[in-house]
Amino acid sequence: MLAASRLGARRIAAVAVLCATARAMATNSTAVTGAADAVDWKALPEEEWRRRLTPAQFDILRRKGTERPWTSEFNKHKSAGVYTCAGCGTPLFLSDHKFESGCGWPSFFLPADKAAVEEHKDLSLFMVRTEVTCKKCGGHLGHVFDDGPRDKTGLRYCINGVSLGFSEGGGAGAK
Ligand SMILES: [Zn+2]
């Protein structure tokens, strides 16, 4: 009897999760809001990513492409605010941590929250590099190098501007 009621409760919980996910997907076709957290980003199929992203965003975030240097509007972008993942909207970098690296891509010496990004060894192109991805959706962001500003972290997060969005104000200087 106990086992049966537990099973029933579990089934109700599962249905509730499904409904929440469906609602989030229905209301968040373009804008990413808090409700989008119900989306299982890592399980999103390729065709859904193609629908949500521009071809350039898809190439970089989902195919690990690299934008041509000096092409991002964010290179010389100086506004105060938060740089978000263009895939899932997660806050990734803060304008407070941005610096002019001269490399042609938006550069930061620190992520907004270390838990928001993941680092992976990348042996492509006959180099040993450290790839940086968005932890929530797995989107490729760029690479991190150890030639950043010595008076800060010494790190340079070299990020494709195409894989970023920007939100003015709102939390710059937060963690
Ligand atoms: Zn993401």
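Attention here is on the structure that accompanies the text. (Residues numbered from 1 in each chain as written. Predicted model: local features only at pLDDT ≥ 70, side-chain atom pairs only at ≥ 80, totals over all residues.)

## Some details on the overall build of the protein chain
Secondary structure assignment for the protein chain yields 3 helices and 9 strands. Overall, the protein chain shows an N-to-C arrangement of helices and strands of α-α-α-β-β-β-β-β-β-β-β-β. When each of the 175 residues of the protein chain is scored for burial, the buried share is 29%. (Helix = DSSP H or I, 4+ residues; strand = E, 2+ residues; numbered from the N terminus. Buried ≥ 20, exposed ≤ 12 C-beta atoms within 10 Å, placed from the backbone.)

## A few points about unusual backbone geometry
In this structure, W70 takes a positive phi of about 65° despite not being glycine. The topology assignment puts W70 in the loop between α3 (55–62) and β1 (81–85). C-beta crowding within 10 Å serves as the criterion here: with 10 such atoms nearby, W70 is assigned to the exposed category. Notably, L125 is not glycine yet its phi reads approximately 55°, a positive angle. Position of L125 among the secondary structure elements: in the loop between β5 (117–122) and β6 (129–134). L125 gets classed as exposed once you count the C-beta atoms within 10 Å, which come to 8.

## Regarding the nonpolar core
Grouped together as the largest cluster of nonpolar side chains are 26 residues, with contacts concentrated most on C85, L92, F93, C134, Y157 and I159. Of all the secondary-structure elements, those providing two or more residues to this core are α3, β1, β2 (91–94), β6, β7 (140–145) and β8 (156–159). (Core = buried A, V, L, I, M, F, W, Y, C linked by C-beta atoms within 7 Å.)

## Examining the sheet that holds β1
The 3 strands are arranged β2-β1-β9 in an open sheet whose pairing can be described as antiparallel. Two strands lie at the open edges of the sheet, namely β2 and β9 (164–168), each paired on one side alone. For this sheet, the mean inter-axis angle between neighbouring strands, taken without regard to orientation, is 35°. Bridging between β1 and β9 involves 5 bridges; their strand directions are antiparallel. (Pairing = 2+ DSSP bridges. Axes fitted to C-alpha atoms, helices over the stretch in contact; angles between N-to-C directions.)

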